[in-house]
Amino acid sequence: RPKDLALGLVAEAGELAEVLLWKSADELAALREDSPLRASLGEEMADVLIYLLYLAEETGLDLAATVEAKLAANARKYPVEKARGSARKYTDL
């Protein structure tokens, strides 16, 4: 079941990307206002989140705690004063 949920998540993420695929900057500006594109994006984002929440529930992971731990680890790896404006890997900072 976790494998199936992860694969469903990947499929939904692909559908999310498809909403934005080949859109121009002008077309993407519609994401800031009430538009069919924004509605489609929201629907696909919801599908991704639903699968992610199901996966967290199925595996017993506290997703909020896991996100907090990951953000703290990233802050240690990529201190703002060294990483801001840089795309270098943390080992190169």
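No experiment lies behind these values; they were computed from the predicted model shown. (Residues numbered from 1 in each chain as written. Predicted model: local features only at pLDDT ≥ 70, side-chain atom pairs only at ≥ 80, totals over all residues. Heavy atoms only, no water.)

Let us look at the pattern of salt bridges. All chains considered together, the criterion is met by two salt bridges. Among the salt bridges present, the one from Glu58 reaches Arg1, with a minimum N-O distance of 3.3 Å. With Glu58 in helix H3 (residues 36-59) and Arg1 in the segment before helix H1 (2-20), the pair connects residues that are 57 residues apart, well separated along the chain. Classification of Arg1 by relative accessible area gives exposed; the value is 59%. Here Lys3 and Asp4 are joined by a salt bridge, their closest N and O atoms 3.3 Å apart. (Salt bridge = Lys/Arg side-chain N within 4 Å of Asp/Glu carboxyl O. Helix = DSSP H or I, 4+ residues; strand = E, 2+ residues; numbered from the N terminus. Buried < 20%, exposed > 50% of the residue type's maximum accessible area, 1.4 Å probe, protein only.)

Now for helix H4 (residues 63-77). Its 15 residues give H4 an end-to-end C-alpha distance of 21 Å, which sits within 8% of 21 Å, the value for a rise of 1.5 Å per residue. Where H4 starts, the residue carrying a side-chain oxygen 3.2 Å from the main-chain nitrogen of Ala64 turns out to be Asp62. (Expected span 1.5 Å × (residues − 1). Polar contact = N/O pair within 3.5 Å; in protein donor to acceptor, adjacent residues only side chain to side chain.)

Taking 1.5 Å per residue as the helical rise, H3 with its 24 residues ought to reach 34 Å, and the 35 Å between its terminal C-alpha atoms agrees with that figure. Looking at the packing, one finds that the buried side of H3 touches H1, helix H2 (25-28) and H4. One or two positions beyond H3, positive phi appears at Gly60, with a value near 75°. (Contact = heavy atoms within 4.5 Å.)

Turning next to the side chain of Glu12. Structurally, the position occupied by Glu12 is in helix H1. Look at Glu12: it is buried, it has no salt bridge, and the nearest opposite charge is Arg1 at 13 Å. In this structure Glu12 touches Glu44, Asp47, Val48 and Tyr51, once residues within four positions along its chain are discounted. (Lys, Arg positive; Asp, Glu negative; His and termini not counted.)

This part covers the environment of Arg88. Considering the arrangement of structural elements, one finds Arg88 in the segment after helix H5 (80-83). Taking the C-alpha atoms as reference points, Arg88 and Glu15, separated by 73 residues in sequence, lie 30 Å from one another. Other than its neighbours up to four places away in sequence, Arg88 contacts Tyr78, Lys82 and Leu93. A distance of 3.2 Å separates the side chain of Arg88 from the backbone oxygen of Asp92, its partner in a polar contact.

Attention shifts here to the environment of Leu49. Position of Leu49 among the secondary structure elements: in helix H3. Separated by 37 residues in sequence, Leu49 and Glu12 have C-alpha atoms that sit 9.3 Å apart.

Honestly, it's all geometry; don't read function into it.
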